[in-house]
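Overview (structure and organization)
Here's the letter readout for the chains.
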Amino acid sequence: MLDITKIKKDFPVLENNSNLTYLDSAASSLKHRKVIQALDNYYEKIGVNVHRGVYKLSYQATDLYEEARSKIAKFINSDFEEVIFTRGASQALNLVASSYGEDFIFAGDEVITTELEHHSSCLPWIRICNKKKATLKYVPLNQEGRITVEAFKSVLSEKTKVVAITHVSNVMGYITPIKEIIRLAHSVGAVVILDAAQSVPHMKIDVKDLDCDFLAFSGHKMLGPTGIGVLYGKRKLLEKMQPIEFGGDMADLVLKDNATYKDIPYKFEAGTPIIAEAIGLGVACECLEEYGMENISNHEHRLCQLAMKLLANVDGVTVFNKTCETGVIAFNIDGVHPHDAASVFDKNDVCIRAGHHCAQLITRWLGQVSTLRASFYLYNTEEDVFKFVNTVIEARDFFRQFM
Ligand SMILES: Cc1ncc(COP(=O)(O)O)c(C=O)c1O
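All of these numbers come straight from a predicted model, not from anything done at the bench.

A few words now on the packing of helix H13 (residues 338-347) against helix H15 (residues 382-400). Put simply, H13 and H15 touch, their axes get as near as 9 Å, and they point 130° apart. Taken together, H13 and H15 sit at an angle that is classed as oblique. Two packed elements cross with a definite hand, and for H13 against H15 that hand is right-handed. For the pair formed by H13 and H15, the contact residues are Asp 340, Ala 341, Val 344, Phe 345 and Lys 347 on the first element and Phe 388, Thr 391, Val 392, Glu 394, Ala 395 and Phe 399 on the second.

Moving on, we come to helix H4 (residues 56-76). An α-helix turns once every 3.6 residues. As a result, residues three or four positions apart point the same way. Taking 1.5 Å of rise per residue, the 21 residues of H4 would be expected to cover 30 Å, and the 31 Å separating its terminal C-alpha atoms lies within 8% of that figure. By the burial criterion, the buried members of H4 are Ser 58, Ala 61, Thr 62, Tyr 65, Glu 66, Ala 68, Arg 69, Ile 72, Ala 73, Phe 75 and Ile 76. A positive backbone phi angle near 60° is found at Asn 77, which sits one or two residues after H4.

Here we take up the pattern of salt bridges. Applying the stated criterion across every chain yields a total of 29 salt bridges. The shortest N-O distance in the salt bridge between Glu 102 and Lys 131 comes to 2.8 Å. Of this pair, Glu 102 sits in helix H5 (residues 89-104) while Lys 131 sits in helix H6 (residues 119-132); the two residues are 29 residues apart in sequence, bridging distant segments of the chain. Overall, Glu 102 belongs to the partly exposed group, its relative accessible area being 25%.

This part takes up the packing of helix H3 (residues 33-46) against helix H11 (residues 275-291). Each packed pair of helices is defined by two parameters, the angle between the axes and the distance between the axes. Interhelical geometry of H3 versus H11 gives an angle of 150° and a closest axis separation of 8 Å. Taken together, the axes of H3 and H11 lie roughly antiparallel to each other. For H3 against H11, the interelement crossing comes out right-handed. Of the residues in H11, those in contact with Lys 34, Val 35, Ala 38, Leu 39, Tyr 42 and Tyr 43 of H3 are Ile 275, Ala 276, Glu 277, Ile 279, Gly 280, Val 283, Ala 284, Cys 287 and Glu 290. Partitioned by chemical class, the residues of the contact of H3 with H11 number eleven nonpolar, one polar and three charged.

A separate point is the sheet that holds strand E4 (residues 135-139). One open sheet holds the seven strands; their spatial order is E2-E8-E7-E6-E5-E3-E4, and the pairing between them is mixed. Sheet topology places strand E2 (83-86) and E4 at the edges, where each strand pairs with a single neighbour. When strand polarity is set aside, the average angle formed by the axes of neighbouring strands in this sheet is 20°.

Once that is clear, we can look at the domain arrangement of the protein. Taken domain by domain, the protein comprises domain 1 (4-25 + 293-400) and domain 2 (47-290). Each of domain 1 and domain 2 has a C-alpha centre, and these two points are 29 Å apart. With 28 residues of domain 1 at the interface, the matching set in domain 2 holds 31 residues. Between domain 1 and domain 2 lies a buried interface of about 2,500 Å² when both sides are counted; carbon and sulfur atoms form 61% of it. Contact with domain 2 buries area across many residues of domain 1, yet Met 293, Glu 325 and Trp 365 alone supply 27% of it, more than any other trio. The interface formed by domain 1 and domain 2 holds one salt bridge in total.

Right, let's talk about the sheet that holds strand E14 (residues 353-355) for a bit. Reading across from one edge, E11-E12-E15-E14 is the order of the four strands in this open sheet, with antiparallel pairing throughout. Across the chains shown, the open sheet's two edge strands, defined by having one partner strand only, are strand E11 (317-319) and E14. In this sheet, neighbouring strand axes are inclined to one another by 30° on average, regardless of whether the strands run parallel or antiparallel. Note that E11 and strand E12 (residues 328-333) share three bridges and pair antiparallel. Considered in E12, the bridge of Thr 318 is made with Asn 332.

Attention now moves to the site of the ligand. Around the ligand, the neighbouring residues are Gly 88, Ala 89, Ser 90, His 118, Ser 120, Asn 170, Asp 195, Ala 197, Gln 198, Ser 218, His 220 and Lys 221. One of the side-chain N or O atoms of His 118 is found 3.4 Å from an oxygen atom in the ligand. Asp 195 places a polar side-chain atom, nitrogen or oxygen, 2.6 Å from a nitrogen atom of the ligand. Out of a free accessible area of 400 Å², the ligand has 85% covered by protein chains. Of the residues in the shell around the ligand, the class split is two nonpolar, eight polar and two charged.

Definitions and cut-offs
Residues numbered from 1 in each chain as written. Predicted model: local features only at pLDDT ≥ 70, side-chain atom pairs only at ≥ 80, totals over all residues. Heavy atoms only, no water. Axes fitted to C-alpha atoms, helices over the stretch in contact; angles between N-to-C directions. Helix = DSSP H or I, 4+ residues; strand = E, 2+ residues; numbered from the N terminus. Parallel < 35°, antiparallel > 145°, perpendicular 65-115°, else oblique. Left-handed = near helix turned anticlockwise from the far one by under 90°. Contact = heavy atoms within 4.5 Å. Expected span 1.5 Å × (residues − 1). Buried < 20%, exposed > 50% of the residue type's maximum accessible area, 1.4 Å probe, protein only. Salt bridge = Lys/Arg side-chain N within 4 Å of Asp/Glu carboxyl O. Nonpolar A, V, L, I, M, F, W, Y, C, P; charged D, E, K, R; others polar. Pairing = 2+ DSSP bridges. Domains from an automatic or database assignment. Buried area = accessible area lost by both parts, 1.4 Å probe. Near = heavy atom within 4 Å. Polar contact = N/O pair within 3.5 Å; in protein donor to acceptor, adjacent residues only side chain to side chain. Areas by Shrake-Rupley, 256 points an atom, 1.4 Å probe, with all protein chains shown as cover.

Below, the structure written as structure tokens:
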């Protein structure tokens, strides 16, 4: 069991905003004190570039940067060279589509995705498929809006070359039955790109056990800094892929009309890297490991179930996800625009999200233009759940007067 009173002290934003009920961690989590200290430490005591400097401070910066890569590799059980630093999950997913998609997708090939995707997962493949005259197929969602193995089988074919799929939906919180999907995709020779932006922060991820080909996530959703993310890729795939950005630090030999590039991961990290933030993300992984990923998922699952149970007794509220599989609740107050409802939450210092959550396909599938989303994480308490549900009731009652 997590000691939440103690955990809250690890997050300065909670200390500095004592009345805050933060239920928007699916967008961005709060930052751990040790992460902030790691950034401060780098900027105050080191502050110089990596890899190229031939002096002690630069060696220290390089050590910290590459140590961070090791920590992240350990966190997801990959090899060191398979961790590429990016600006976030979006850049990681775009990197794969631009590099792998450009060179290995041809007219007539098929790519599978789903309506549960965040735009960062599906848009790069919509572009590649249009450009390459490949066919983009969508897994039909079941009545609850889930991806099932059976539905996946119905779109899989010998022509499938890529599966671009979410591990956990950022709107519905559903967990994709990914191991079986990966196994089936591999049986026809397709590669699987897993958008793990909503799973890596909340559950133990082992890329070897999953056997995914690529996996993308963001630091800012897992106690870490903004502006840093990771693309994991299997070594044999990364080695045959071309870089998509060219410049400093990624070239090996440069001639007037040609060049060779460094080995992975460096050929994909052109320019001065995101040094402080990478170091911060390494620390965030250690913090998460210390709390225990299983403890975290159990805790947020328990809070989410409590919220869902309480909301089930509140009339005039529609909850869109049928079960709590992670810490996410997607809902609307009937007849009230989500942005209007959100203002009541803000008045009570309850931070939730209103909008299409960069997932217009599932929002449209739900028959909505936008939804409200509350998302729980390790620093939330039962009191947060009660305050959230009371605010739902308050918002409903307030807007009912005008209906
Ligand atoms: C499922 C999912 N994929 C991708 C992203 C994109 O992450 P980022 O904005 O950090 O690049 C998000 C962020 O909300 C997400 O929830």
